[in-house]
Amino acid sequence: MAEPPAGPRFDDTLAELEGIVQRLEKGELPLEDSLAAFERGIALVRALAQRLSEVEQRVEVLLKSDAGKLALQPLADDEE
Amino acid sequence: MLRAEPAPRVLTVTQLATLVREALEGGVGSVWVAGEISNLRPAPSGHVYFTLKDEQSQLGAVMFRSVAQALAFRPADGMEVLISARVSLYPVRGALQLYVDAIEPRGLGALQLAFEQLKARLGAEGLFAAARKRPLPRFPRAVGIVTALRGAVIHDMRTVLRARWPACRIVVRPVRVQGAGAGREVAEAIEDLNRLGGLDVLIVGRGGGSLEDLWAFNEEVVARAIAASAVPVVSAVGHEVDFTIADFVADARAPTPTAAAALVVPDRAEVAAGLGRAEAALRRALARHARDLPLRIDDLALRARRGLARRLAWERRELATSAARLGRVGPAPGLRRARERLATAGTRLRFALGIRVRQARGAVERAAGQLDALSPLACLARGYAIVRRGDATGPVVRDAALLAAGDPVALVFARGRARARIDATEPEKEP
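Small disclaimer: the values here were computed from a predicted structure and weren't measured.

Enquirer: Can you walk me through the overall build of chain A in this structure?
Expert: Tallying secondary structure elements over chain A gives two helices and two strands in all. In sequence order, chain A lays out its α and β elements as α-α-β-β. For chain A, with 80 residues in total, the buried portion stands at 19%.

Written out as structure tokens, the structure reads:
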């Protein structure tokens, strides 16, 4: 009924970014790998920032029929 | 004498019991009575039997299931109570019986007592244990909310969630949050949201109110539903001073629904700032890397040179040490022994040779003495001469028969030689 949001979890992506920053800061990577890590890191920053900029709030109401059947309904802002 | 008297009215037992019952119900009826509960016996039917007593007297009492189930607290032996009851006769046993309509603990209020009782019981079961508390997700993708759909509470929560983490999906399961059956509804809603799936955290709550208003969140059914939830639950009931059973069971407790909303999602602005810091760190690290590369190369070259020099010095030292050891130890013990034997043999050989030489020299000298004694030179010196046929190298002539007339001969004297010719021979006859 409730489909999980597509794409990797915010947590996982953030964890990957943190790992890249750490590795790069240690300065132990060869130059080529450093460049690749940097590019990957910046891409992750962009992707995460993009997800932060999504401002659409999705609100649903879970209703239950007398027969016990569950049903989701969108809830508009003015419906409160 | 016979006197006609009306026959006495004979009653059946049931008729009498009915009479007594009617007399009791009409004469005493419904009363409030204070006493202590003893001998409490819950029956499988759900009815609860007990004895109400004071110092001198005791009366049987029954509380039907419908009354017992509606009670917030649990009656127990020794509890002082105030009872509203109808006084009647239980005809089956012919016993006076109090039929309980309502029961209240004396001293503590009924709800307060119920709260304390349930808290003690669930606490003993371990439902409040810190080890049971699950961590809340850092970045929930979907939040379930169990509360009343209308009113300020849900509006405020939506506002906070939108401001902090708008990407989070919200699923509201509307319930009545007070009144009879509210607890049951809240518990069901928690179960429904678990059944729906896809939610990372639940908020269960309502705004502030009196103890009676908040009562649903003190009910056991809600506590059990929270404990059974597969998704972490944040309780958010009333204002800061109100604690409910739900607060104790929940994985996290927020003093208000608004605070719960702020608790379950991160602040977008803070996360964005964190991303900015991460990007800056990436750029710094790369820049440092680029800046450091020539330095690192220089450094490596320097280290390589130093390393090479160190290596050479080391090799040299090793070589010296090895040579010293070689000198000390010799090539090998076997060879050393061989060399010693050789030296000894040489000495002995030289020694032996010396002896031989001296011996030989003695022999030669002795021989020379004998030779000297035997030498014809000595005879010659006495006037003899040696005759050799031919010349001075020819055979020595010891017999004249070896010579014939005309043969040349050589005469060897002690001093000098002479050549001559034989004139005639006079061989000596064989004896």
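Having seen it, we continue.
Enquirer: Help me understand the interface of chain B and chain A in this model?
Expert: Often, the extent of an interface is quoted as the loss of accessible area upon association of its parts. Tallying the contact residues gives 37 residues for chain B and 36 residues for chain A. Only helix 4 (152-164), strand 7 (169-174), helix 5 (182-196) and helix 9 (268-329) of chain B provide two or more residues apiece to the side of chain B that touches chain A. Considering every element that reaches the side of chain B that touches chain A, the biggest residue donor is helix 9 of chain B, with 14 residues. Residue composition of the side of chain B that touches chain A, by class: 21 nonpolar, four polar and 12 charged. In this structure, strand 1 (residues 59-64) of chain A lies alongside strand 7 of chain B, joined through three bridges in parallel fashion. The partner of E60 of chain A across the bridge, within strand 7 of chain B, is V171 of chain B.

Enquirer: Before we go on, may I ask you to explain the pairing of strand 8 (residues 201-206) of chain B in this structure?
Expert: Side chains on a regular strand alternate between the two faces of the sheet. All names here are of chain B. The element strand 8 is extensively covered by neighbouring structure, given that six of its six residues are classed as buried. The pairing of strand 8 with strand 9 (residues 233-237) spans five bridges and is classified as parallel. Note that in strand 9 the partner of G205 across the bridge is A236. Taken together, strand 8, helix 6 (residues 220-228) and strand 9 form a β-α-β motif whose crossover is right-handed.

Enquirer: Looking at this structure, I do not really get the environment of P166 of chain B. What am I missing?
Expert: With respect to the helices, strands and loops of the structure, P166 of chain B is situated in the loop between helix 4 and strand 7. Taking the C-alpha atoms as reference points, P166 of chain B and R268 of chain B, 102 residues apart in sequence, are found 8.3 Å from one another.

Enquirer: Can you help me understand helix 2 (residues 31-52) of chain A in this one?
Expert: All names here are of chain A. Taking 1.5 Å per residue as the helical rise, helix 2 with its 22 residues ought to reach 32 Å, and the 31 Å between its terminal C-alpha atoms agrees with that figure. For helix 2, the full list of buried residues reads S34, A37, F38, G41, L44, V45 and L48. One side of helix 2 holds all its buried residues, which, seen down the axis, span an arc of 130°. Across helix 2 from its buried face, at more than 90 degrees, point the exposed residues E32, A43, R46 and Q50.

Enquirer: Can you walk me through the packing of helix 1 (residues 10-26) of chain A against helix 2 of chain A in this structure?
Expert: Between two packed helices, what matters for the description is the angle formed by their axes and the separation of those axes. Residues and elements named next belong to chain A. Following both chains from N to C, one finds helix 1 and helix 2 inclined at 150°, their axes separated by 9 Å at the closest point. The element helix 1 and its partner helix 2 pack so that their crossing is left-handed. Together, F10, T13, L14, E16, L17, I20, V21, R23 and L24 of helix 1 and S34, A37, F38, R40, G41, L44, V45, A47, L48 and R51 of helix 2 make up the contact between the two elements. Here the contact of helix 1 with helix 2 is built from residues that sort into 12 nonpolar, three polar and four charged.

Enquirer: Before we go on, may I ask you to explain the sheet that holds strand 4 (residues 80-90) of chain B in this structure?
Expert: Strand pairing in a sheet relies on backbone hydrogen bonds. The paired strands run either parallel or antiparallel. All names here are of chain B. Strand order in the closed barrel made by the five strands is 1-2-3-5-4, with mixed pairing throughout. Each strand of the sheet is rotated relative to its neighbour by a mean of 55°, with strand direction disregarded. Both strand 1 (residues 30-42) and strand 2 (residues 48-53) contribute to a ladder of five bridges, which runs antiparallel. Bridge pairing in strand 2 links S38 to T51.

Rules of the game
Residues numbered from 1 in each chain as written. Chains lettered and ligands numbered in written order. Predicted model: local features only at pLDDT ≥ 70, side-chain atom pairs only at ≥ 80, totals over all residues. Helix = DSSP H or I, 4+ residues; strand = E, 2+ residues; numbered from the N terminus. Buried ≥ 20, exposed ≤ 12 C-beta atoms within 10 Å, placed from the backbone. Contact = placed C-beta atoms within 7 Å. Nonpolar A, V, L, I, M, F, W, Y, C, P; charged D, E, K, R; others polar. Pairing = 2+ DSSP bridges. Right-handed = clockwise from strand over helix to strand, strands pointing away. Expected span 1.5 Å × (residues − 1). Arc of directions from axis to C-beta. Axes fitted to C-alpha atoms, helices over the stretch in contact; angles between N-to-C directions. Left-handed = near helix turned anticlockwise from the far one by under 90°.

By themselves these figures say nothing about function.
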